Amino acid sequence: MDGITGKALVLACSAIGAGLAMIAGIGPGVGQGIAAGYGASAVGRNPGAKGDIMSTMLLGQAVAETTGLYGLAIAFILLFANPLIGKL
Amino acid sequence: MRAGFLLAASGDVDFMIHGLFKYRLFGQEFWITTTHVSILVVMLVLFVFALAANRTMHHAQEVPGFFQNIVEMIVEMLDDMVEKSMGSYAKKYRNYIGSIFIFIFVSNISGLFGLRPPTADYGVTLPLGIITFCIIQYNNVKYNKFGAFTDLFKPIPILFPINLIGEIAVPFSLSLRLFGNVLSGTVMMSLIYSLLSKFAVGWPGFLHIYFDLFSGAIQTYVFCMLTMVFTSQKMPQES
């Protein structure tokens with residue numbers, strides 16, 4: 001473990017942290033899938049209301065996506081605008 | 001040969017904002033960045049399109065020509081969208097919603113033309129979110145009067161901090177959603193182009209269609225839709 005500088009350690013841990021932050025992608029995936037599934041079954045039951053169902057589904061999916069994007073933002077901050085390096 | 005040679009980035013993976021020109025104002029350093037340039041290009045395109053559309057509609061014909069048809073289609077689509085979700089309040093807001101729809105859409109698909117999309121800069125999306133926030137709160141105070149404040153204490157007073165955070169988080173979630181989606185598309189495309197430099201010929205077009213066109217259109221729609229939904233929530237419901 002000799003020869004590892006503090007900066008290298010911070011960079012390595014930031015990379016791991018960015019990877020861990022993207023685990024947040026699981027939630028939106030499940031949520032959007034559920035919304036799309038119910039949207040499909042709603043269109044099957046009432047094909048006339050396809051336009052309304054589509055727009056409602058897209059809106060719900062976009063809101064569900066937000067948590068994933070928070071994870072993405074944290075991953076980007078860790079990778080490209082790392083605030084921890086400055087603390088060394 | 002090194003393992004993973006094919007996937008080694010040849011140069012720097014480049015999708016960051018670059019400063020082009022520095023100037024000082026009131027003792028502060030300011031930068032003209034690539035975002036400014038691409039926003040200027042977008043504005044010029046929209047300006048020329050608006051001038052052309054204005055000219056065409058001044059000499060509008062009974063049987064619309066090609067360009068007049070397109071302009072009428074765009075206006076009708078935007079009007080329909082606003083009317084559907086705002087009802088009788090649509091008249092006041094179709095100008096604003098139409099403008100930001102066209103601006104965000106053209107910004108999002110500007111990645112197709114080699115620009116760095118302006119919406120992939122948080123400095124562009126946050127002001128859009130803040131404008132939405134101002135509209136929401138203006139309507140809240142206008143229609144609910146003092147209720148705008150007392151609503152924060154419903155259903156029980158102890159929920160006040162959570163309600164307050166819920167109101168303040170709106171511009172941030174709106175702007176982060178647009179920013180994150182466009183930025184992730186930009187990053188993916190530049191990763192593909194720089195990592196597979198020799199093999200990325202032609203076929204990334206499919207990815208462009210997904211990341212720039214599809215994702216951009218959906219996010220534009222969602223931003224405008226959420227703006228309208230949040231705004232009309234604060235207005236008295238028509239019976």
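Residues numbered from 1 in each chain as written. Chains lettered and ligands numbered in written order. Predicted model: local features only at pLDDT ≥ 70, side-chain atom pairs only at ≥ 80, totals over all residues. Heavy atoms only, no water.

So, on to the pairing of strand β2 (residues 28-33) of chain B. In summary, the side chains of a regular strand alternate between the two faces of the sheet. Residue and element names in this part refer to chain B. By the bridge criterion, six bridges tie strand β1 (residues 19-25) to β2 in an arrangement that is antiparallel. Considered in β2, the bridge of G19 is made with T33. Hairpin remark: β1 followed by β2, antiparallel, with two residues in the connecting loop; positive phi at F26, about 50 degrees. (Pairing = 2+ DSSP bridges. Helix = DSSP H or I, 4+ residues; strand = E, 2+ residues; numbered from the N terminus.)

Before going further, it helps to spend a moment on the UniProt feature "transmembrane region" (unreviewed entry) in chain A. Residues annotated in UniProt with the feature "transmembrane region" (unreviewed entry) correspond here to residues 63-85 of chain A. For residues 63-85 of chain A, the helix share is 78%, the strand share is 0%, and the end-to-end C-alpha distance is 33 Å. (UniProt positions renumbered as here; feature names shortened; annotations may be inferred.)

On to the UniProt feature "domain: V-ATPase proteolipid subunit C-like" (unreviewed entry) in chain A. Per the UniProt record, the feature "domain: V-ATPase proteolipid subunit C-like" (unreviewed entry) sits at residues 16-78 of chain A. Helix makes up 87% of residues 16-78 of chain A and strand 0%, whereas the separation of the span's terminal C-alpha atoms amounts to 10 Å.

Each partner contributes to the interface: chain A provides 14 residues, whereas chain B provides 18 residues. Three residues stand out in chain A for area buried against chain B, namely A:L59, A:L69 and A:F76, and they jointly supply 34% of the buried area on that side. At the junction of chain A with chain B, the criterion picks out zero salt bridges. Considering only residue class, the side of chain A that touches chain B consists of 10 nonpolar, two polar and two charged. (Contact = heavy atoms within 4.5 Å. Buried area = accessible area lost by both parts, 1.4 Å probe. Salt bridge = Lys/Arg side-chain N within 4 Å of Asp/Glu carboxyl O. Nonpolar A, V, L, I, M, F, W, Y, C, P; charged D, E, K, R; others polar.)

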